[in-house]
Amino acid sequence: MEKPFANQSMAADTHLEDPMQLHNRTVDALEGLSGVHPGKRRVHAKGLCCRAVFRPSGFAAGLTIAAHLRDKTAEIEAIVRFSGSSSDPSLADVLSPGKGLAVRFMPAGGDVSVLTAVTVPVFFAKSPASFLDLIKEANRLKGGGIEAIAAAAELAAHFPEARHAMAHVGKLRPPASYGTCRYYAIHAFMLVDEKGNRRPAKFEWMPELGVETLSIGELKSLPEDYLERDAAERIKKAPLRFRLNIVLGREEDPTDDPTLPWPDDRERIEAGILDVTDVIEEPDGLLMDPTITGEGIEPSDDPILRFRSPVYEESMRRRSRGE
Ligand code: HEM
């Protein structure tokens, strides 16, 4: 069966289906959160780029022909970007609620594959239109000077589909390190095997150092960019290591709604180990579009996943013009 979009971003397709340019209006609304910061991403504005190597375990070879997941003797080059979720690049690390880990796998002779993940397992909205409504509402509440906690309560009341994500965000504590977070790619993807069989799966990164957060007492003396400093210091001594889990979905598990978690007991396969080895300057034109999956992994029918492609391209277009 033809595999549409397997090796390219989905931006062009969504442009055709979207004469209203919802993605443009969404980027406008994201800019409303903390203003325009020239040259910066419209969210996840503050980040640290690193070089990494991924070593597949080979356990996923029966499930997918993806070049970076099959061969257990391979060493796959990767670029990693850790980030804080805020739209404001000057916000102190401790104040930015979620953290991100975006990985660009670059297998020799195979397709590039991007995996973006954050420290909450579900998303706030199940459709692009409701996401835009939610951001507009967040902007309105901010304009009204409502305090953060009251604003969050109001958002949760107006957007019931956001309740799981809000509950997770409410429980987040500042991490000890980018290397001590568990990161979830949230969406379902379809794994495609040699015979063309497709099955739904999710991805998550487990930190080798374990999950570690900071106590209130430890927060007092932290520099604003403590996470970047910590990562740079740790990486000088030893790679930051993460294990990639593939979570296998069952027929009844929703693939089109990123606000809903899958049950905890789903089978997990350890697909490989990522070693983050060096801090680097951000390469020009780095775009972590999650619909760039490469052969062997396809975006699912999740409308948020597909929508992210034109949004990220628009954010990239603006920031690369220095806007
Ligand atoms: C409607 C849904 C979403 C919108 C509109 C959105 C928007 C954006 C934008 C505009 C950027 C900056 C892109 C760039 O300039 O390169 C970004 C980055 C990012 N987003 Fe999203 N996002 C959405 C959903 C998600 C979800 C579900 C996740 C978690 C899996 C996520 C994780 C990230 C991460 C980790 C980055 C930083 C990527 C990097 O380091 O380059 N986003 N997002």
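Small disclaimer: the values here were computed from a predicted structure and weren't measured.

## Observations regarding the packing of helix α2 (residues 22-34) against helix α4 (residues 128-143)
- The contact between α2 and α4 brings their axes to 9 Å, and the two run at 25°. In terms of orientation, α2 lies roughly parallel with respect to α4. Once α2 is placed against α4, the crossing between them reads as left-handed. For the pair formed by α2 and α4, the contact residues are Leu 22, Arg 25, Thr 26, Ala 29, Leu 30, Gly 32 and Leu 33 on the first element and Pro 128, Ala 129, Phe 131, Leu 132, Ile 135, Ala 138, Asn 139 and Lys 142 on the second.
- Split by residue class, the contact of α2 with α4 holds ten nonpolar, three polar and two charged.

## Section: the environment of Val 43
- As for its placement among the helices and strands, Val 43 is situated in the loop between α2 and β1 (47-56).
- The sequence separation of Val 43 and Ser 83 amounts to 40 residues, and the corresponding C-alpha distance is 9.4 Å.
- Those residues in contact with Val 43, other than ones at most four positions away along the chain, are Leu 30, Ser 85, Ser 86 and Ser 87.

## Remarks on the UniProt feature "active site" (unreviewed entry) in the protein
- According to UniProt, the feature "active site" (unreviewed entry) maps to His 44 in the numbering used here.
- Inspection of the secondary structure assignment puts His 44 in the loop between α2 and β1.
- Once residues lying within four places of it in the same chain are set aside, the contact partners of His 44 are Arg 81, Ser 83, Gly 84, Ser 85, Ser 86, Gly 100 and Val 118.

## Notes on the UniProt feature "binding site: heme" (unreviewed entry) in the protein
- As annotated in UniProt, the feature "binding site: heme" (unreviewed entry) corresponds to Tyr 312 in the numbering used here.
- Here Tyr 312 lies in helix α9 (residues 303-320).
- Using a relative accessible area of 27% as the deciding quantity, one classes Tyr 312 as partly exposed.
- Setting aside chain neighbours within four positions, we find Tyr 312 in contact with Leu 287, Met 288, Asp 289 and Pro 290.
- One polar contact links Tyr 312 to Arg 308, side chain to side chain, over a distance of 2.7 Å.

## Focus: the site of the ligand
- Near the ligand lie 26 residues; those nearest to it are Arg 41, Arg 81, Tyr 312, Ser 315 and Arg 319.
- One nitrogen or oxygen atom from the side chain of Arg 308 is found 3.3 Å from a nitrogen atom belonging to the ligand.
- Here a nitrogen atom of the ligand sits 2.6 Å away from a polar atom, N or O, in the side chain of Tyr 312.
- Mapped by element, the contributors of at least two residues to the shell around the ligand are α2, β3 (99-106), β4 (113-118) and α9.
- Examining the composition of the shell around the ligand, we find that eight residues originate from one element, α9, more than from any other.
- Of the residues assigned to the shell around the ligand, the class counts are 16 nonpolar, six polar and four charged.

What counts and how
Residues numbered from 1 in each chain as written. Predicted model: local features only at pLDDT ≥ 70, side-chain atom pairs only at ≥ 80, totals over all residues. Heavy atoms only, no water. Axes fitted to C-alpha atoms, helices over the stretch in contact; angles between N-to-C directions. Helix = DSSP H or I, 4+ residues; strand = E, 2+ residues; numbered from the N terminus. Parallel < 35°, antiparallel > 145°, perpendicular 65-115°, else oblique. Left-handed = near helix turned anticlockwise from the far one by under 90°. Contact = heavy atoms within 4.5 Å. Nonpolar A, V, L, I, M, F, W, Y, C, P; charged D, E, K, R; others polar. UniProt positions renumbered as here; feature names shortened; annotations may be inferred. Buried < 20%, exposed > 50% of the residue type's maximum accessible area, 1.4 Å probe, protein only. Polar contact = N/O pair within 3.5 Å; in protein donor to acceptor, adjacent residues only side chain to side chain. Near = heavy atom within 4 Å.

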